[in-house]
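Inside the fold
Below are the chains, spelled out letter by letter.
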Amino acid sequence: MTLTLRAKDWFHPDGFPLAVERRDPQEPFGLHTHDFSEVVVVTGGRGIHQIGRDAWPLSAGDAFVIKGRDEHAYPDPQELSLINVLYRPERLKWDLADLGSLPGYHALFTLEPQWRKRHQFKSRLHLSPAEIGHVVGLIDQLDAELKARGPGFGFMATALFMQLVAYLSRAYGRSRSPDSQALLRIASAIAHLETRYAEEIELDDLADMAHMSKRSFLRTFQAATGQPPIAYLIQIRVNRAADRLRATDDPVTDVAFAVGFQDSNYFTRQFRQVMGVSPRAYRAANRG
Ligand code: RM4
Ligand code: NI
């Protein structure tokens, strides 16, 4: 049985959902999963990173995201040093604001972890020495806030983590390797879906945006996300509709139109399929 690392052993008893764990060196560490996620930045040395059944070499500058359920290990570290920023996404009180318009965010935080599971795919974010310096600076400040736990630390720590996420996402957007480019193309289509979901969206336009033929766009999108683009779009629309149902008293039909559905019966069907209940029942249960 694989070892599962538990949040209660790694986070402060006050429940704050961020923690910094430096490994200098990273000792050999076997296959494990977590009930939290981690952003990992390799700061020195070399090693092998095993994810599931695949393994890749690691070197200083590599940065990647391990979602809780991903199995990984460091079987043969050679003076490998790294920093783990542990986070519990479901407990973070942050506002993603316009982060979804940043393709590198989707590439690093959603596509790469999923893609890795289905295909042999090495992590592609490789930071330059100057970028490592910036990232380590942010993590040092985060670590200091978490250690001091003075008044306002939660706000500061969250802000620093947000900067870290945005900085890494932007760095991903600058990477030029062919694999990261492929992922970024899909990521830019997702960024478009996330920001323009309320408008009419054509498959052809998405494929153009990704610089792919319609056929290879469909295939790559499905491979990267596990869903066809239309299903992905419907999910975004339903989630945004759910936000509105919770936050407003707008009639269901208005909510449907506001998030891009053209027909309120169709909306109700899709909503029920994604959320398991009708929009009205959802509102009744969640309107605060
Ligand atoms: C381990 C190793 C793991 C990480 C834990 C917190 O030494 O770096 O990947 O999940 O620490
Ligand atoms: Ni781990």
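Residues numbered from 1 in each chain as written. Chains lettered and ligands numbered in written order. Predicted model: local features only at pLDDT ≥ 70, side-chain atom pairs only at ≥ 80, totals over all residues. Heavy atoms only, no water.

Notes on the overall build of the chain
Here is the rule: Helix and strand definitions follow DSSP, with helices as H or I runs of at least four residues and strands as E runs of at least two, each counted in order from the N terminus. Within these notes, the globule rule equals 2.2 Å times the number of residues to the 0.38 power, and the radius of gyration is based on C-alpha atoms. When a residue's accessible area, from a 1.4 Å probe over protein chains only, is under 20% of the maximum for its type it is buried; when over 50% it is exposed; and in between it is partly exposed. Throughout, a residue-residue contact means that at least one pair of heavy atoms, one from each residue, lies within 4.5 Å.
A tally of helices and strands in the chain yields eleven helices and nine strands. Expected size for 288 residues packed as a compact globule is a radius of gyration near 19 Å; at 20 Å, the chain falls within 12% of this value. Each of the three principal axes of the chain carries a C-alpha extent, and together these read 60 × 50 × 40 Å. In the chain, which comprises 288 residues, the proportion classed as buried is 48%. Considering only residue pairs separated by 6 or more positions, the chain has 73% of its internal contacts joining residues 24 or more positions apart.

Side note on the coordination of the nickel ion (ligand 2)
The condition that has to hold: Water is not part of the atom set, so a site may look incomplete; the donors themselves are N, O and S atoms within 2.8 Å of the metal, or 3.2 Å for Na, K and Ca.
Coordination sphere of the nickel ion (ligand 2), protein contribution only: His32 (NE2), His34 (NE2), Glu38 (OE) and His72 (NE2), at 2.1 to 2.2 Å. Expressed as a motif, the donor residue spacing for the nickel ion (ligand 2) is H-x1-H-x3-E-x33-H. Classification of His32 by relative accessible area gives buried; the value is 2%. Residue class for His34 comes out buried when judged on its relative accessible area of 4%.

Description of the domain arrangement of the chain
Rules: An automatic or database domain assignment provides the domain bounds reported here.
Segmenting the chain into domains produces domain 1 (3-173) and domain 2 (231-286). Here the C-alpha centre of domain 2 lies 34 Å away from the C-alpha centre of domain 1.

Observations regarding the packing of helix H5 (residues 178-196) against helix H7 (residues 214-225)
Condition: With axes taken as lines fitted to C-alpha atoms, and helix axes fitted only over the stretch in contact, angles between N-to-C directions fall between 0 and 180 degrees. Working rule for angles: under 35 degrees goes down as roughly parallel, over 145 as roughly antiparallel, 65 to 115 as roughly perpendicular, anything else as oblique. Gly is put with the polar residues, along with every residue not named as nonpolar or charged; the nonpolar set is Ala, Val, Leu, Ile, Met, Phe, Trp, Tyr, Cys and Pro, and the charged set is Asp, Glu, Lys and Arg.
Their axes nearest at 10 Å, the elements H5 and H7 cross at an angle of 85 degrees. For the element pair H5 / H7, the angle class is roughly perpendicular. Between H5, through Ile186, Ala189, Ile190 and Leu193, and H7, the contact on the second element is made entirely by Phe217, Thr220, Phe221, Ala224 and Thr225. Among the residues forming the contact of H5 with H7, the class breakdown is seven nonpolar, two polar and no charged.

Structural notes on helix H11 (residues 279-286)
Stated precisely, the cut-off is as follows: Read the arc as the range of directions from the helix axis to the C-beta atoms.
Buried within H11 we find Pro279, Tyr282 and Arg283. Projection of H11 onto a plane perpendicular to its axis shows the buried side chains occupying an angular sector of 95 degrees, all on one side. Exposed side chains of H11 directed beyond 90 degrees from the buried face belong to Arg280, Ala284 and Ala285. Among the structural elements, helix H8 (229-247), helix H9 (252-258) and helix H10 (264-275) are those in contact with the buried residues of H11.

A word on the pattern of salt bridges
For clarity, the threshold we go by: Definition used for salt bridges: Asp or Glu carboxyl oxygen within 4 Å of a side-chain nitrogen of Lys or Arg.
Per the counting criterion, the structure on display carries 15 salt bridges. One salt bridge connects Asp140 with Arg22, and the closest N-O pair in it is separated by 2.8 Å. On the criterion of sequence distance, the pair formed by Asp140 in helix H3 (residues 129-148) and Arg22 in strand S2 (residues 18-23) is long-range, its members being 118 residues apart. You can call Asp140 partly exposed: its relative accessible area is 34%. The salt bridge involving Asp243 is made with Arg240; its shortest N-O contact spans 3.7 Å. Of this pair, Asp243 and Arg240 both sit in helix H8, three residues apart, roughly one helical turn. Several salt bridges converge on common partners, so that one network encompasses Arg22, Asp140, Asp143 and Lys147.

Details of the environment of Ala191
Along the chain, Ala191 falls in helix H5. Relative accessible area serves as the criterion here: at 6%, Ala191 is assigned to the buried category. For the pair Ala191 and Met212, spaced 21 residues apart in sequence, the C-alpha to C-alpha distance is 16 Å. Every residue in contact with Ala191, bar those within four places of it in the chain, is listed here: Gly100, Ser101, Pro103 and His106.

Some thoughts on the site of ligand 1
We apply this condition: Neighbouring residues are identified by heavy atoms, a residue being near a molecule or strand if any of them is within 4 Å of it. As used in this structure description, the phrase polar contact means that two N or O atoms lie within 3.5 Å; if the pair is within protein, one of them must be able to donate a hydrogen and the other to accept it, and residues adjacent in sequence are counted only when both atoms belong to side chains.
Around ligand 1 lies a shell formed by Leu5, Trp10, Arg23, Gln26, Phe29, His32, His34, Glu38, His72, Tyr74 and Asn84. Between Arg23 and ligand 1, the recorded distance is 2.6 Å, taken from a side-chain N or O atom to an oxygen atom. Contacts to ligand 1 include His34, whose side-chain N or O atom sits 3.1 Å from an oxygen atom. With three residues, strand S3 (residues 29-34) is the largest single contributor of residues to the shell around ligand 1. Classifying every residue of the shell around ligand 1 by side-chain character gives four nonpolar, five polar and two charged.

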